[in-house]
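# Descriptive analysis of the structure
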Amino acid sequence: RVGSLVTIRRVGEIEGEETDAVLARAERRLVAGELASTVEVMESLKGPAGVAAQDWLDRAKIRLRAERALADLQSHVIAGLAGG
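Quick summary incoming for the structure in this document.

Rules behind the numbers
Every chain is numbered on its own, with residues counted from 1 as its sequence reads. This being a predicted model, a pLDDT of at least 70 is required before a residue's local features are given, and a value of 80 or more before pairs of side-chain atoms are given or counted; all residues contribute to the totals for chains, interfaces and linings. In computing side-chain values, all of the structure's heavy atoms are included and hydrogens and water are not. Inter-axis angles, ranging from 0 to 180 degrees, are taken between N-to-C directions of lines fitted to C-alpha atoms, where helices are fitted over the stretch in contact. To qualify as a helix, a DSSP run of H or I must reach at least 4 residues; to qualify as a strand, a run of E must reach at least 2; elements of each kind are numbered from the N terminus. The scheme is simple: roughly parallel for angles under 35 degrees, roughly antiparallel for over 145, roughly perpendicular for 65 to 115, oblique for anything else. Every residue pair with non-hydrogen atoms within 4.5 Å of one another is taken to be in contact. Note that Gly is not counted as nonpolar here; it falls among the polar residues with everything else outside the nonpolar set of Ala, Val, Leu, Ile, Met, Phe, Trp, Tyr, Cys and Pro and the charged set of Asp, Glu, Lys and Arg. For any helix crossing, the convention is left-handed if the near helix is rotated counterclockwise from the far helix by under a right angle, and right-handed if that rotation is clockwise. Salt bridge, as used here: a side-chain nitrogen of Lys or Arg that lies within 4 Å of a carboxyl oxygen of Asp or Glu. Per-residue accessibility, obtained with a 1.4 Å probe over protein chains only, is compared with the maximum for each type, and a residue is labelled buried under 20%, exposed over 50%, and partly exposed between these values. Throughout this description, the term nonpolar core refers to a set of buried Ala, Val, Leu, Ile, Met, Phe, Trp, Tyr and Cys residues connected via side-chain atoms within 4.5 Å. As used in this structure description, the phrase polar contact means that two N or O atoms lie within 3.5 Å; if the pair is within protein, one of them must be able to donate a hydrogen and the other to accept it, and residues adjacent in sequence are counted only when both atoms belong to side chains.

### Focus on the packing of helix 2 (residues 19-31) against helix 3 (residues 35-42)
- The N-to-C vectors of helix 2 and helix 3 enclose an angle of 170°; their axes lie 8 Å apart at closest approach. Classified by the angle between their axes, helix 2 and helix 3 sit roughly antiparallel to one another. Contacts between helix 2 and helix 3 involve Val22, Leu23, Arg25, Ala26, Arg29 and Leu30 from the first element and Leu35, Ser37, Thr38, Val41 and Met42 from the second.
- Considering only residue class, the contact of helix 2 with helix 3 consists of 7 nonpolar, 2 polar and 2 charged.

See below:
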């Protein structure tokens, strides 16, 4: 019975394409603040896990695009201030 109450999963830089290995690598990158790298890892999920992760992936990609747009805008503003 106790076994049904506890879930054990691997963490860290785990090799392999099994769902728990992919999620362990993704978690490590996300904790490190590496969203783009996390997305790349999560895109390798297959089957039901890939389907379950799709909403998260879509939102993460939107965030990455927004961060890139903000960085571009900041660059343009700084360039404008430096030139003017």
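### Quick word on the packing of helix 3 against helix 4 (residues 47-83)
- At their nearest, the axes of helix 3 and helix 4 sit 10 Å apart, and the two run at 150° to each other. The angle between helix 3 and helix 4 falls in the class roughly antiparallel. The chirality of how helix 3 crosses helix 4 is left-handed. Together, Leu35, Ala36, Thr38, Val39 and Met42 of helix 3 and Ala53, Trp56, Leu57, Ala60, Lys61, Arg63 and Leu64 of helix 4 make up the contact between the two elements.
- Tallied by class, the residues present in the contact of helix 3 with helix 4 amount to 9 nonpolar, 1 polar and 2 charged.

### Brief notes about the pattern of salt bridges
- Per the stated rule, a full pass over the model turns up 4 salt bridges.
- Between glutamate 43 and lysine 61 there is a salt bridge, with its nearest N and O atoms 2.7 Å apart. Of this pair, glutamate 43 sits in the loop between helix 3 and helix 4 while lysine 61 sits in helix 4; the two residues are 18 residues apart in sequence, bridging distant segments of the chain.
- Look at glutamate 43 and you get partly exposed, because its relative accessible area is 41%.

### As for the environment of glutamate 17
- Examined against the element boundaries, glutamate 17 turns out to sit in the loop between helix 1 (2-5) and helix 2.
- Residues glutamate 17 and leucine 45, 28 residues apart in the sequence, show an inter-C-alpha distance of 7.7 Å.
- The residues touching glutamate 17, leaving out its near neighbours within four places in the chain, are Val22, Arg25 and Ser44.

### With respect to the nonpolar core
- Val22, Ala26, Leu35, Val39, Val41, Met42, Leu45, Ala53, Leu57, Ala60 and Leu64 form the largest nonpolar core, which has 11 residues in total.
- Mapped onto this core, the elements with two or more residues apiece are helix 2, helix 3 and helix 4.
- Sequence-distant contacts of valine 39, defined by excluding residues within four places in its chain, comprise Trp56, Leu57, Ala60, Lys61 and Leu64.

### Observations regarding the side chain of arginine 25
- Summarising the element assignment, arginine 25 is placed in helix 2.
- In terms of polar contacts, arginine 25 uses its side chain to reach the backbone carbonyl oxygen of glycine 16, at 2.8 Å.
- With sequence-adjacent residues up to four places away left out, arginine 25 is seen in contact with Gly12, Glu13, Ile14, Glu15, Gly16, Glu17 and Val41.

Purely geometric stuff here, so don't read any function into it on its own.
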